Amino acid sequence: MDAYFASGGSPTHAAQDLHVHTNTVARRLERVTELLGPDWQQPATALEIQLALRLQRARHSVYRPSTSPSRPAQADRCA
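Right, let's walk through the structure included here. What you are looking at is a predicted structure, and each value in this text was computed from that prediction instead of being measured.

Thoughts on the overall build of the protein
Then comes step 1: Secondary structure summary: the protein contains five helices and zero strands in total.
Then comes step 2: Reading the helices (α) and strands (β) of the protein from amino to carboxyl end gives α-α-α-α-α.
Then comes step 3: Taking all 79 residues of the protein together, the buried fraction comes to 23%.
Then comes step 4: Long-range pairs, those at least 24 residues apart, make up 29% of the contacts in the protein between residues at least 6 apart in sequence.

Below, the structure is given as structure tokens:
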């Protein structure tokens, strides 16, 4: 999803960025449609998805770098 949105919604460019065949991206996008419904590419919904992806990346970068094998991540302790 990140590569798809970063490429401006181009499956061809997303495939190049991911180093996979365009058909692979097409199949993944079909699966996304199955999971999220046919309207996921509408501007408002696409924006919500992009924001969720950014929040997930931000959360990961805040909580995961201090993780060591013997110490659980801060996010895991709060859950």
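Focus: the nonpolar core
Then comes step 1: Of all hydrophobic cores here, the largest spans twelve residues; its members are Ala-3, Tyr-4, Phe-5, Ala-14, Ala-15, Val-25, Leu-29, Val-32, Trp-40, Ala-46, Ile-49 and Leu-53.
Then comes step 2: Those elements that provide at least two residues to this core are helix 1 (2-6), helix 2 (11-18), helix 3 (22-36) and helix 4 (43-63).
Then comes step 3: When residues no more than four places from it in sequence are discounted, the contact partners of Ala-14 are Ala-3, Tyr-4, Ser-7 and Val-25.

Notes on helix 3
Owing to its 3.6 residues per turn, the α-helix brings residues three or four apart onto one side.
Then comes step 1: An ideal rise of 1.5 Å per residue puts 21 Å on 15 residues; helix 3 measures up with 21 Å between its terminal C-alpha atoms.
Then comes step 2: Considered for burial, the residues of helix 3 that qualify are Thr-24, Val-25, Leu-29 and Val-32. Buried residues of helix 3, viewed axially, fall in a sector of 135°; they line one side. Away from its buried face, by an angle of more than 90 degrees, helix 3 presents the exposed residues Arg-27 and Glu-34.
Then comes step 3: Summarising the contacts, the buried residues of helix 3 are in contact with helix 1 and helix 2.
Then comes step 4: Within two residues after helix 3, Gly-37 carries a phi angle of roughly 95°, on the positive side.

Observations regarding unusual backbone geometry
Then comes step 1: Located in the positive-phi region is His-19, a residue other than glycine, with phi close to 60°.
Then comes step 2: Relative to the assigned elements, His-19 resides in the loop between helix 2 and helix 3.

Examining a nonpolar patch on the surface
Then comes step 1: Together, Met-1, Leu-35 and Leu-36 make up an exposed nonpolar region whose accessible area comes to about 290 Å².
Then comes step 2: Relative to the helices and strands, Leu-36 resides in helix 3.

A word on the pattern of salt bridges
Then comes step 1: Applying the stated criterion across every chain yields a total of two salt bridges.
Then comes step 2: A salt bridge links Arg-57 to Asp-2, with the nearest nitrogen and oxygen atoms 2.7 Å apart. On the criterion of sequence distance, the pair formed by Arg-57 in helix 4 and Asp-2 in helix 1 is long-range, its members being 55 residues apart.
Then comes step 3: Taking relative accessible area as the criterion, Asp-2 reaches 37% and is therefore assigned partly exposed.

About the cut-offs
- Residues numbered from 1 in each chain as written.
- Predicted model: local features only at pLDDT ≥ 70, side-chain atom pairs only at ≥ 80, totals over all residues.
- Heavy atoms only, no water.
- Helix = DSSP H or I, 4+ residues; strand = E, 2+ residues; numbered from the N terminus.
- Buried < 20%, exposed > 50% of the residue type's maximum accessible area, 1.4 Å probe, protein only.
- Contact = heavy atoms within 4.5 Å.
- Core = buried A, V, L, I, M, F, W, Y, C linked by side-chain atoms within 4.5 Å.
- Expected span 1.5 Å × (residues − 1).
- Arc of directions from axis to C-beta.
- Patch = residues over 30% accessible without salt bridge, like charges linked within 9 Å, V, L, I, M, F, W, Y side chains within 5 Å.
- Areas by Shrake-Rupley, 256 points an atom, 1.4 Å probe, with all protein chains shown as cover.
- Salt bridge = Lys/Arg side-chain N within 4 Å of Asp/Glu carboxyl O.

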